[in-house]
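Structural description and commentary
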Amino acid sequence: MPCFRAVNICVGLLTWLWPDAARAQEQPAAPSGPPIEIVVTGARVEESRDRALSATEVIRRKEIERSGARDVAELLETRGGLQIARSFRGSELQLRGLDPQYTLILVDGERVPGQIDGVTDLSRFGTENIERVEIVRGPGSALYGSDAIGGVVNILTRESKRDFEAQGLASYGMHDVLDLTGFVAGRPVDALGLQLTADFHNADAVRRDGEARTALSAREQWSTGARAAYQLDDDNLLIVRGNYLRTNFEGVESGAGNALFDRTQLQEQLRASFEQRLKRGRIRLSSRGSYSQFRDQYLLDQRGADVLDRYEDNREQLGQLTSIAHADWSESQRTTLGAEQLFQDLQSARLSRPGHRYRLAAFLQHGWRVFSDNGGQHELEIAPGVRLDADAQFGTRVSPKLALRYRVLPVLELRASYGRGFRAPTFQEQLLRFENPSAGYVIDGNPNLRAEDSDGFDAGLRLWNETLELTVTLFRNDLRNMITYQSRPSDSVGMQFIYENLTSAWTMGVESAASARVGEWLNCTLTYTYTATWDGENQRKLEGNPPQRASAYVQVTHPSWELTFVARGSVSIGRTFYLTETGPQDPDAPWRAVVPKPLTQLSLRVAKQFGRPLEVFAGVDNLFAAGDEFTALRPLTVYAGARGRY
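Residues numbered from 1 in each chain as written. Predicted model: local features only at pLDDT ≥ 70, side-chain atom pairs only at ≥ 80, totals over all residues. Heavy atoms only, no water.

1. Some points on the sheet that holds strand 8 (residues 130-137)
- Taken in spatial order, the five strands line up as 3-8-9-6-7 in an open sheet, and their pairing is mixed. A strand with exactly one partner marks an edge of an open sheet, and here the two such strands are strand 3 (56-60) and strand 7 (110-111).
- Bridge count for strand 6 (residues 103-107) against strand 7 is two bridges, and the pairing is antiparallel. When the bridges of strand 7 are listed, leucine 106 appears paired with arginine 111. (Pairing = 2+ DSSP bridges. Helix = DSSP H or I, 4+ residues; strand = E, 2+ residues; numbered from the N terminus.)

Have a look at this one:
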């Protein structure tokens, strides 16, 4: 546990060197007004969203419930600048034109195991136990390390504040879409808070007309979780969490010679964590530890034969220890210091040998308010940061970052940042030995791979008042030493490929959003994103990323009738895909570009409250039945249900 000891020693030294900071009393309460919104992802500690140096988008609990989204994938697919793609890897997120492996997905600030081909399946995370989702765009390697090149999505689970509450939801719709969720929380004594959650989700497979194979697998998922929080005193909180998740997918695949394969995939995840939040005057210390185990069993059964049958049992273990200290030395100086340890183990028949990884990291960020006048209505703050990662597999990596926030006027703010990022090669890319005889190719891992590098820039402005908020952000990401596979001389097995650090790429564009909130009856957000991309190896645009994407969220409420209408929609224009005559697994074959029609998605939901205890709702997902051969979406689905609260 050296990282915990190191940070605790540093905190003790800081307290000794600056005793006034440790003894400082809390500032007097601010005058009553709108509640201050707290975020944690941009700085890894709680801070006011208005003072955060990283612009953070927050999806709150009330909005999550009103949206009707069943999981995080559905919740994010109509957000500005975000693209959800669905494949055999699950529901994957593309951010700022970058593939899913360049966006870090966290739960309560911790990494989660179970990536399939570099992708974390967002449909695994049901919304019933989510308090809010925070989205930070732009490079985050200076605080989070590998995989945070494009940004960070942090899923924060619920923390009940009531002495007792219970909630249950039941919903059923077309295509056997069934959702059952339950949540109960209470305080048997003032200092102890307990929570229990459970859920069940089911959906039929999706097939295209006249085809035996499935575009989306049938899905059955259930999970259960618990949380206990014990307040030792006003400044010392202990939290213990645990959950178990089980998901079963069933689908049909096609192979060479029109062969059909029945595919069953069973995934299980067990996670346990503890956390201590300690406060001493102006110094806050957070220590966390977690252990996760992910098991993926995969069965491929050829119809009418057994030559190509395949069974795999992949098991991953992930352990993390994190200790973070934050000090508000004064109104103009604040420091965040942290250390992490990560232990990862992957066992799979597809690997040439078991994968073991140990990573030790330390990071530091200091915020300096250069000037502030007129009660903070005009101020400039800068924050340099740096992180050092030492990895047993790929070596040492330094990730610097510099961010600034300048409030020009009481209603106008500028933000800009630069960050160096990286993505460490995965076990699959280093150690993989994967044979696909039905398609006639083999992919070998490369233990000599280097980490991918990136430089990320963004600059934007925010203009707001009590009812309206406008944001515009320019961004660019340059990636080097990108890992891809190249062909090599074949043998009797067929075509052979090996992973190499071969290519480079860039993405750049502009993100814009306009949000309006008029009293209790109207809340709406409109976004537009333009993204240009380039694949340096193949001299073409990156595949599947729409150059233009617009989205809308509209919520209309009639307070006296307790009636709420919500519309969520998006349109993606200009997606490009590349097809070859010999199949997508041959990168050297001649290709042709295909640009499908714009992808337009729209979901509607109406809900009626009967006081707090009861809500009934009905809705329709994918109203325009969007989807094509490149994008698999669930068809138009009408559903209805009820939510009870106590």
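2. Here's the deal with the pattern of salt bridges
- Applying the stated criterion across every chain, the model contains 52 salt bridges.
- In this structure, the salt-bridge partner of aspartate 391 is arginine 359, at a minimum N-O distance of 2.9 Å. Taken together, the residues span a long stretch of sequence, with aspartate 391 in strand 22 (residues 378-391) and arginine 359 in strand 21 (residues 355-373) at a distance of 32 residues.
- The salt bridge involving arginine 575 is made with aspartate 628; its shortest N-O contact spans 2.9 Å. Here the residue arginine 575 occupies a position in the loop between strand 32 (563-573) and strand 33 (577-580), and aspartate 628 occupies one in the loop between strand 36 (614-621) and strand 37 (637-645), the gap between them amounting to 53 residues. Just as arginine 575 is buried, aspartate 628 falls in that class too.
- Put simply, Glu47, Arg334, Arg369, Glu379, Glu381, Arg405, Arg407, Glu413, Arg415, Arg462 and Glu469 are held in one network by salt bridges that share partners. (Salt bridge = Lys/Arg side-chain N within 4 Å of Asp/Glu carboxyl O. Buried < 20%, exposed > 50% of the residue type's maximum accessible area, 1.4 Å probe, protein only.)

3. Looking at empty space enclosed by the protein
- In the structure shown here, the tally under the stated rule is 12 cavities of 30 Å³ or more.
- A volume near 470 Å³ is recorded for the largest cavity.
- Considering the residues around the largest cavity, the lining is formed by 30 residues, among which Val107, Asn129, Thr157, Thr197 and Asn243 are closest to the centre.
- At the level of elements, strand 9 (151-157), strand 12 (192-203), strand 15 (218-233), strand 16 (236-254) and strand 17 (260-280) are the ones that each hand at least two residues to the lining of the largest cavity. (1 Å grid on protein atoms, 1.4 Å probe; cavity = no way out; pocket = protein on both sides within 12 Å on 5 of 7 lines; lining within 4 Å. Points joined across faces, edges and corners; volume = space filled by probe spheres on them.)

4. Observations concerning the pairing of strand 21
- When strand 20 (residues 333-347) meets strand 21, the two strands line up antiparallel, connected through 14 bridges. Among the inter-strand pairings, arginine 334 is bridged to a residue of strand 21, identified as glycine 367.
- In the sheet, strand 21 pairs with strand 22 via 12 bridges, with the strands oriented antiparallel. Across the sheet, the residue bridging to serine 372 is glutamate 379, located in strand 22.
- Here strand 21 hands over to strand 22 after four residues, with asparagine 374 in that stretch at a positive phi of 55°.

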